[in-house]
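# Coordinate inspection notes
Letter by letter, the chains look like this.
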Amino acid sequence: MRIVLVGPPGAGKGTQAGLLSDKLGVPHISTGDLFRAHGDQATQLGIQAKRYMDAGDLVPDDVTNAMVHQRLLDPDAQAGFLLDGFPRTVAQADALSACLQEYGVKLDAVLQLEVPEEVVMDRLLGRGRDDDNKEVIHRRFEVFRNETAPLLEYYADRLVTVDAVGTIDEVTARALEALQALP
Ligand code: ADP
């Protein structure tokens, strides 16, 4: 299966992606995690990306697209993947489409984790990552509304919406059920 996860910051994409990738047997590919791993190793890309991340802004599309393109070439991604945090802009979605077209494959589903902003704000403030302070979180929400929400329209024909309020297990179960119901 080739799946994209979409949802506002704090919707639980990372948590659900980890669990779903185990169940579905496909790798979990998180652009946030890839950037943070580069940051920890202080690579050029990591240092560049951290500036944007710490401000709550998106890392530029060209950098992000190239990193994902590279990752999708790895052998473990050939039979499927669960993309978490990518695409986040329509330009990234176009790049992903082009990349998949090259391989002659398609996305099976775009899984939207739906959760109200006031719920996720509390979750994020409790998490304490470098980019989890109130001001930066507000900026990330704004970026989500402006840049990422248009993807819901873009992927309307493949969109699977799941209510992401509830326990971790409840949300995983809903997501699996929704994916199994796909034609
Ligand atoms: P969250 O799900 O809480 O938003 P992520 O780990 O997915 O956290 O992303 C953290 C930051 O990494 C984003 O705010 C952004 O700066 C950067 N980032 C992650 N994915 C992308 C992407 N596809 N394009 C641009 N920047 C990204």
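Above: the structure in question.
Bear in mind the structure is a predicted one, so any value in this text is a computation, not a measurement.

Tallying secondary structure elements over the chain gives nine helices and five strands in all. In summary, the chain has a C-alpha radius of gyration of 16 Å against a globular reference of 16 Å for 183 residues, a match within 12%. Each of the three principal axes of the chain carries a C-alpha extent, and together these read 40 × 35 × 30 Å. Taking as baseline every contact in the chain between residues at least 6 positions apart, the subset at least 24 positions apart corresponds to 73%. Here the chain has roughly 9,200 Å² of accessible surface; of this, 51% comes from carbon and sulfur atoms.

Moving on: the pattern of salt bridges. Two side chains of opposite charge can pair, provided their charged atoms sit close to one another. Scanning the model with the defined rule gives 15 salt bridges in all. The shortest N-O distance in the salt bridge between Arg 71 and Asp 74 comes to 3.1 Å.

One way to put it is that helix H2 (residues 31-40) packs onto helix H4 (residues 61-72) with a least axis distance of 11 Å and a crossing angle of 100°. When the axes of H2 and H4 are compared, the pair comes out roughly perpendicular. On the side of H2, the interface is formed by Thr 31, Leu 34, Phe 35 and His 38, while H4 contributes Thr 64, Met 67, Val 68 and Arg 71. Residue classes in the contact of H2 with H4 are distributed as four nonpolar, three polar and one charged.

The next thing to look at is H4. Over its 12 residues, H4 runs 16 Å from end to end, which matches the ideal 16 Å to within 8%, given 1.5 Å per residue. The set of residues buried in H4 consists of Val 63, Thr 64, Asn 65, Met 67, Val 68, Arg 71 and Leu 72. Contact partners of the buried residues in H4: strand E2 (28-30), H2, helix H3 (44-55), strand E3 (81-84) and helix H5 (90-103).

Every one of the 20 residues lining the ligand counts as a neighbour, but Thr 31, Asp 57, Gly 85, Arg 88 and Arg 140 are closest to it. One of the side-chain nitrogen or oxygen atoms of Arg 36 is found 2.8 Å away from an oxygen atom of the ligand. In the environment of the ligand, an oxygen atom lies 2.7 Å from a nitrogen or oxygen atom belonging to the side chain of Arg 88. In terms of residues, the shell around the ligand owes the most to one element, H2, which gives four residues. For the shell around the ligand, the residue count by class is six nonpolar, six polar and eight charged.

Our focus in this paragraph is the nonpolar core. Core analysis: the largest hydrophobic core is formed by 23 residues, its most contacted members being Leu 5, Leu 20, Leu 82, Leu 111, Leu 113, Phe 141 and Val 162. Of all the secondary-structure elements, those providing two or more residues to this core are strand E1 (2-6), helix H1 (13-24), strand E4 (109-114), helix H6 (117-125), helix H7 (134-148), strand E5 (159-163) and helix H9 (168-180). When residues in this core are grouped by element, the largest group, four residues, is from H9. Judged by nonpolar contacts, the second largest core, of 18 residues, contains Ala 77, Phe 81, Leu 96 and Leu 151.

In spatial order, the strands read E2-E3-E1-E4-E5; together these five strands make up an open sheet with parallel pairing. Each edge of the open sheet carries a strand with a single partner, namely E2 and E5. Neighbour-to-neighbour, the strand axes of this sheet turn through a mean angle of 25°, independent of strand direction. For E4 and E5, the ladder comprises five bridges, and the chain directions are parallel. If you follow Glu 114 over to E5, its bridge partner there is Asp 163. This element, H1, spans E1, E2, E3 and E4 of the sheet and lies at about 180° to E3.

Conventions used here
Residues numbered from 1 in each chain as written. Predicted model: local features only at pLDDT ≥ 70, side-chain atom pairs only at ≥ 80, totals over all residues. Heavy atoms only, no water. Helix = DSSP H or I, 4+ residues; strand = E, 2+ residues; numbered from the N terminus. Rg over C-alpha atoms; globule rule 2.2 N^0.38 Å. Contact = heavy atoms within 4.5 Å. Areas by Shrake-Rupley, 256 points an atom, 1.4 Å probe, with all protein chains shown as cover. Salt bridge = Lys/Arg side-chain N within 4 Å of Asp/Glu carboxyl O. Axes fitted to C-alpha atoms, helices over the stretch in contact; angles between N-to-C directions. Parallel < 35°, antiparallel > 145°, perpendicular 65-115°, else oblique. Nonpolar A, V, L, I, M, F, W, Y, C, P; charged D, E, K, R; others polar. Expected span 1.5 Å × (residues − 1). Buried < 20%, exposed > 50% of the residue type's maximum accessible area, 1.4 Å probe, protein only. Near = heavy atom within 4 Å. Polar contact = N/O pair within 3.5 Å; in protein donor to acceptor, adjacent residues only side chain to side chain. Core = buried A, V, L, I, M, F, W, Y, C linked by side-chain atoms within 4.5 Å. Pairing = 2+ DSSP bridges.

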